Amino acid sequence: MWIICELPVCWLFFSVSLSLVVFSVVVLITTWQKRSPGLSLPPGSMGWPWIGETHKFYSEDPNVFFATKQQRYGEIFKTHLLGYPCVMLANPEAARFVLSTQAQLFKPTYPKSKETIIGPSALFFHQGDYHSRLRKLVQGSLSPEAIRFLLPDINSRVISLLTSLEGRTVTTFHEMKNLSFDVGILAVFGRDLDDQCKEELTKYYCIAEKGYNSFPNRFPGTLYSKAVAARKKLEEIMRQLIQERRQGRMEKNLLSVLMSSQYNNGVTLSDDQIVDNVIGVLFAARDTTASAMTWIIKYLYANKKLLESIKEEHASVCRLGEGSDCWLSWEQTRKLKLTHRVIMESLRMASIISFTFREAVADVEYKGYLIPKGWKVLPLFRNIHHSAEFFPEPKKFNESRFRESPSPGTFLPFGSGVHACPGNELAKMEMIILMHHLVTKYRWEILESSSDIEYGPFPIPKGGLPAQFFRQSSKEDEQLKEIA
Ligand code: HEM
């Protein structure tokens, strides 16, 4: 009875809402066209009113979604996702326009729910003076000069992780996450963080991370509400650490740099700003680097000849070098040319950050098209990396393509412009050291040969790449030496 009475009311409500939405879209488009005569919106379809093409985006592989659209409409096209009108850019020149040359016309944009977990003062969310001040501090703490000093610690963390994997069946991505978090913690807090504090940070970080990628529902018991609570705990632990470190001796690391920085007029960063940025860096560092390392392990396993060449390269550097017990020194890492190319090709193939989001802060004209104020703009890194025009046979793993530098603006694994990744040197160093210990002391078997990709949200091989790792026997070690 209740349902029968309610149905017509629902329909009436639905029809009125739908008409209003259609009416608003028509009014908006007419207004834009009046505001910018002679300019047209990029080609593309906006899908259904309000929901746009969100359902299609989520039901298909996002790469297939973008690639199909690019084939149909070209390198610049419009769509409507997650409640927002969007312009997608799949060409290097357009990505440069948005991220570098006209970056002031496009601000970073993230869902409020994500900003709540990371903290509103984290540098990702800002532009202008505050952003450049923070960026200098973060970049300085993660520069090659700073990372040099972390080398022995990264070596020992990689060795300890690999030792813990010996003979076990593991989910590679999960293990790589442990490693990248460990290294992230090292870069942020330095060596003298006690084990109990690290355990607590890890525990609450993991809860926060689960909720970060879930539907943002604050109802008690949901992943998101647990993440908000865990974030509060992380904040408490970090405030306590900041207090303790203010009273003691401070080793140089990202936390100490943030704590001691002073702006021109002597203004320091507040504890809130420090905490938000530390949490932000930890989030930026973990899954991205773990995903890249997982792909490298998969690609090397699939390319046995390449694996042999990499082994040779590392064995030769080890024999010639002065690093103790085969721990790579800074100078040795610079000599590993093939290893560098494998990392570049893995980053291109996997395109860990497939695209990024900006929002137009004014009506912008680009190549005769109008990008209206308030629209989201998405440079599509993966489409550029997988374009046959810039990378012939793009689906094929071919590290030798990086013997020559890629054309400017076509290789963007770490983004570009004012928000480009300040952690790229650290990430690459982790990958080099992992590869070194892996290929010189281990062999591994991948237990799932599927080529399927999962998004969580970064691309990873199906199931996180279940694998077994075995320490090479001394006989195998001897064979390795003979090769060298
Ligand atoms: C393979 C690993 C990594 C990849 C593929 C990666 C990729 C990226 C990309 C594409 C951006 C730019 C996003 C945009 O323009 O919207 C970015 C930004 C950032 N990344 Fe990374 N990243 C990696 C590792 C790291 C690490 C290890 C750290 C820190 C230790 C880090 C810290 C950051 C920070 C703080 C930003 C924001 C910069 C800003 O807004 O100015 N990333 N990263």
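Everything numeric here is computed off the predicted structure, so don't read it as measured data. (Residues numbered from 1 in each chain as written. Predicted model: local features only at pLDDT ≥ 70, side-chain atom pairs only at ≥ 80, totals over all residues.)

**Student:** Could you give me a rundown of the overall build of the chain, with the residues and numbers involved?
**Tutor:** For the chain, the count of helices and strands is 19 helices and 12 strands. By residue count, 36% of the 484 residues in the chain fall in the buried class. Within the chain, contacts between residues at least 6 apart in sequence are counted, and of these 73% link residues at least 24 apart. (Helix = DSSP H or I, 4+ residues; strand = E, 2+ residues; numbered from the N terminus. Buried ≥ 20, exposed ≤ 12 C-beta atoms within 10 Å, placed from the backbone. Contact = placed C-beta atoms within 7 Å.)

**Student:** How would you explain the sheet that holds strand β2 (residues 84-89) if you had to name every residue and give the values?
**Tutor:** Pairing in this open sheet of 5 strands is mixed, and the strands run β1-β2-β8-β5-β3 from one edge to the other. The outermost strands of the open sheet, each flanked by one partner alone, are β1 (76-81) and β3 (106-108). Neighbouring strand axes in the sheet, compared pairwise and without regard to direction, differ in orientation by 35 degrees on average. Judged from the 4 bridges that link them, β2 and strand β8 (residues 376-379) form a sheet pairing that is parallel. Among the inter-strand pairings, Met88 is bridged to a residue of β8, identified as Leu378. Contacts between helix α4 (residues 92-101) and the sheet are confined to β1, β2, β3, β5 (358-360) and β8, with β8 contributing the most and set at about 125 degrees to the helix. (Pairing = 2+ DSSP bridges. Axes fitted to C-alpha atoms, helices over the stretch in contact; angles between N-to-C directions.)

**Student:** Which residues make up the site of the ligand, and what are the values?
**Tutor:** Close contacts around the ligand come from 27 residues, with Ala284, Thr288, Gly415, Cys421 and Gly423 the closest. Considering every element that reaches the shell around the ligand, the biggest residue donor is helix α13 (residues 271-302), with 7 residues. Taken together, the residues that form the shell around the ligand break down as 18 nonpolar, 8 polar and 1 charged. (Near = placed C-beta within 6 Å. Nonpolar A, V, L, I, M, F, W, Y, C, P; charged D, E, K, R; others polar.)

**Student:** Mind laying out the pairing of β1, listing which residues take part and the relevant values?
**Tutor:** Here β1 lies mainly inside the structure; 5 of its 6 residues are buried. Pairing between β1 and β2: 6 bridges, direction antiparallel. Residue pairing for β2: Lys78 is matched across the bridge by Val87. In textbook terms, the turn of a hairpin is the stretch between consecutive antiparallel strands, and for β1 and β2 this stretch comprises 2 residues, one of which, Leu82, has a positive phi near 50 degrees.

**Student:** Go over the environment of Ile310 with me, naming the residues and quoting the values.
**Tutor:** Assignment of secondary structure puts Ile310 in helix α14 (residues 304-320). Taking the C-alpha atoms as reference, Ile310 lies 6.5 Å from Thr339; in sequence the two are 29 residues apart.

**Student:** Help me get a handle on helix α9 (residues 172-189), residues and values and all.
**Tutor:** The end-to-end C-alpha distance of α9, which contains 18 residues, comes to 26 Å, matching closely the 26 Å that a straight helix rising 1.5 Å per residue would cover. Across the 18 residues of α9, 15 count as buried, placing the element largely inside the fold. The first or second residue beyond α9 is Gly190, which carries a positive phi of 80 degrees. (Expected span 1.5 Å × (residues − 1).)

**Student:** An account of unusual backbone geometry is needed here, citing residue identities and associated values.
**Tutor:** A positive phi angle, close to 40 degrees, is found at Ser351, a residue other than glycine. The backbone of Leu465 sits at a positive phi, close to 65 degrees, despite the residue not being glycine. Its location among the elements puts Leu465 in the loop between β11 (459-461) and β12 (466-471).

**Student:** Got a sec to walk through the sheet that holds strand β9 (residues 442-446)? Specific residues and values, please.
**Tutor:** In spatial order, the strands read β4-β12-β9; together these 3 strands make up an open sheet with antiparallel pairing. Of all the strands in the sheet, the pair left with one neighbour each is β4 (169-171) and β9. Taken over all neighbouring pairs, the strand axes of this sheet differ in orientation by 35 degrees on average, direction set aside. Against the sheet, α9 engages β4 and β12, with an angle of about 70 degrees to β4.

**Student:** Explain the packing of α13 against helix α18 (residues 424-441) residue by residue, including any values.
**Tutor:** The interhelical angle for the contact between α13 and α18, taken along N-to-C directions, is 35 degrees, at an axis separation of 10 Å. In terms of crossing hand, the pair formed by α13 and α18 is right-handed. Of the residues in α18, those touching α13 at Thr288, Thr289, Ala292, Met293 and Ile296 are Ala427, Glu430, Met431, Leu434 and Met435. Partitioning the contact of α13 with α18 into residue classes produces 7 nonpolar, 2 polar and 1 charged. (Left-handed = near helix turned anticlockwise from the far one by under 90°.)

**Student:** So what's going on with the confidence of the model for the chain? Which residues, and what values?
**Tutor:** Per-residue confidence for the chain averages 88 on the pLDDT scale, and 89% of its residues sit at or above 70. The element-level mean pLDDT for the chain is lowest in helix α1 (residues 2-35), coming to 52, with helix α16 (residues 337-350) highest at 98. Low confidence marks residues 1-10, where pLDDT is under 50. Its contacts with residues over four positions away, or in another chain, come to 0 contacts. (pLDDT = per-residue confidence, 0-100.)

**Student:** Would you mind going over the environment of Leu123 in detail, with residue names and values included?
**Tutor:** Residue placement: Leu123 occurs in the loop between α5 (112-118) and α6 (128-141). The spatial distance from the C-alpha of Leu123 to the C-alpha of Gln273 is 9.2 Å, given a sequence separation of 150 residues. The contacts of Leu123, once residues within four sequence positions are left out, are His131, Leu134, Arg135, Val138, Asn277 and Gly280.

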